[in-house]
Amino acid sequence: MTPKQLETKYLKTPPLEIPKEDIQDLLTMLQKEMKQRRSVGDIVKEMEQKCNAIDWGYGDWKSEKVSDGVSELEGLDSLITAALKLILEETEDNVQNQWEDALKLTLQMVSMINTAESNAGKLVNGSMGEYCPEMAFEVEALWADLVTRGKRPPDSWLETKLLPKLKGCLGDYEDSLPATLKKLRPSTSNKRQKTCGASISAGVEVVDLTV
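Source: prediction; values computed, not measured.

Asker: Hey, could you run me through the nonpolar core in this one?
Answerer: One broad trend across soluble globular proteins is that nonpolar side chains are buried collectively. In this structure, L73, W99, M112, W143 and L162 are the most contacted members of the largest nonpolar core, which totals 48 residues. For this core, the elements supplying multiple residues, two or more each, are α3 (40-52), α4 (64-74), α5 (77-88), α6 (95-120), α7 (131-148), α8 (155-166) and α9 (177-182). Considering every element that reaches this core, the biggest residue donor is α6, with eleven residues.

Here it is, written out as C-alpha cells:
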C-alpha cells in the first residue's frame, strides 16, 4: 500500500483498529516524514550557506554579477516563508522555542539586508529596488505578531538575550520595531515594586527617594 493510500485509509478517517500488517507501513511513513521535516535552525543554516556562496564580483552595483546576486537573495524568499510558517505555527506551550527561532531568523534576515546593501547599494536600498525595506518590513511584522499574542519568554531572557540583539538592528530601515520592543520592557514602576517587595521580605527598610 502506498503512503497516499495509507494516509487516506487511516489518517483522515482512522478506524477503531488498524490491521497489524499495516502498522509497520504506517510507522515507516511517519518516520520518513519526521526525517524530512526541517527545523527553523536547519532553514536558517541553509539560507546562510547560500548567502555566503553568492559571488558579488567587485561590488559595482551596476554590474551584472551584482544584479545576479540580488536575484539569488530574492530567490531565498521561499525559505523565509517556510521558516515564518514554522515559527507562527508553534503552540503556546513552546513560546520560548518560538521566540528563539524568531530571533535566529531575524538575525539571518538582518545579515542579508546588510550584505545586500553593502554590495548592491541603490539596487536594494529603496532608491531603485525595495529588497532591504521589504525585508525590514517582514522582520517588524514578525515581532509585532509575536508580541501581540500575549505569551512571551521570561523578562530575564528578553532583557539579556533578545532586546540587545534587536535594538537598532534594522538601521535606517527601522520603522515600527522600536515601539514593538518597548512593549516588552517592564515599566520602571513595576521594577521598583519588585525591588521593594524583595527588600521588605528580606527585612530591609526601603526609602522611596522619588517622592
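Asker: For this particular structure, what's the right way to read a negative patch on the surface?
Answerer: Taken together, the side chains of E74, D77, E130 and E134 make up a negatively charged region of the molecular surface. Position of E134 among the secondary structure elements: in helix α7.

Asker: Looking at this structure, how should I read the pattern of salt bridges?
Answerer: A side chain with one charge may pair with a side chain of the opposite charge, provided their charged atoms come close. Summed over all chains, the structure comprises six salt bridges. E46 is the salt-bridge partner of R38, the closest N and O atoms lying 2.3 Å from each other. E89 serves as the salt-bridge partner of K85, at 2.9 Å between the closest nitrogen and oxygen.

Asker: So what exactly am I meant to see when it comes to the environment of L79 here?
Answerer: Tracing the chain through its elements places L79 in helix α5. A relative accessible area of 9% places L79 in the buried class. In this structure the C-alpha to C-alpha distance between L79 and M47, which are 32 residues apart in sequence, comes to 7.2 Å. Not counting residues within four places of it along the chain, the set of residues in contact with L79 comprises R38, I43, E46, M47 and K50.

Asker: Any chance you could explain the environment of E140 here in plain terms?
Answerer: If you trace the backbone, E140 turns up in helix α7. Separated by 36 residues in the primary sequence, E140 and S176 have C-alpha atoms spaced 6.5 Å apart. In this view, E140 contacts L170, E174, D175, S176 and L177; residues no more than four positions away in its chain are not counted.

Asker: Explain the confidence of the model for the protein to me, please; I cannot follow it from the model alone.
Answerer: As a note on interpretation, predicted positions should not be read in detail where pLDDT is low. Here the protein shows a mean pLDDT of 82. Residues at 70 or above account for 71%. Note on residues 188-202: pLDDT is under 50 here. Beyond four places in sequence and across chains, it has eight contacts. Here residues 204-211 is modelled with pLDDT under 50, and outside its nearest four sequence neighbours on either side it reaches five contacts, counting other chains as well.

Asker: Sorry if this is basic, but what is going on with α3 here?
Answerer: The periodicity of an α-helix, 3.6 residues per turn, causes residues three or four positions apart to be oriented the same way. The end-to-end C-alpha distance of α3, which contains 13 residues, comes to 18 Å, matching closely the 18 Å that a straight helix rising 1.5 Å per residue would cover. Of all the positions in α3, only V40, I43, V44, M47 and C51 are classed as buried. Buried residues in α3, looked at end-on, bunch into an arc of 100 degrees, giving them a common side. The exposed set on the far side of α3, more than 90 degrees from its buried face, consists of K45 and N52. Residues of α3 that are buried sit in contact with α4, α5 and α6.

Rules of the game
The residue count restarts for each chain, going from 1 along the sequence in the order it is written. The model is predicted, so local features are restricted to residues of pLDDT at least 70 and side-chain atom pairs to those at 80 or more, both for listing and for counting; the totals for chains, interfaces and linings are taken over all residues. Heavy atoms from the whole structure form the basis of all side-chain values; hydrogens and water molecules are not counted. By nonpolar core is meant a set of buried Ala, Val, Leu, Ile, Met, Phe, Trp, Tyr and Cys residues that side-chain atoms within 4.5 Å join together. To sort residues, take the accessible area from a 1.4 Å probe on protein chains only and compare it with the maximum for the residue type: under 20% means buried, over 50% means exposed, and anything in between is partly exposed. By the criteria applied, helices consist of DSSP H or I runs no shorter than four residues and strands consist of E runs no shorter than two, each listed in order from the N terminus. Here the term patch refers to residues with relative accessible area over 30% and no salt bridge, with like charges joined within 9 Å and nonpolar side chains (Val, Leu, Ile, Met, Phe, Trp, Tyr) within 5 Å. Here the Shrake-Rupley method, with its probe set to 1.4 Å, supplies the accessible areas, and only the displayed protein chains count as covering residues. Any carboxyl oxygen of Asp or Glu that lies within 4 Å of a side-chain nitrogen of Lys or Arg is treated as forming a salt bridge with it. Working convention for charge: Lys and Arg count positive, Asp and Glu count negative, and His plus the chain ends are omitted. Where a charge lies is defined by one atom per residue type: Lys uses NZ, Arg uses CZ, Asp uses CG and Glu uses CD. Throughout, a residue-residue contact means that at least one pair of heavy atoms, one from each residue, lies within 4.5 Å. Think of pLDDT as the predictor's per-residue confidence, scored from 0 to 100. One less than the residue count of a helix, multiplied by 1.5 Å, gives the span that helix is expected to have. Arc, as used here, means the arc of the directions from the helix axis to the C-beta atoms.

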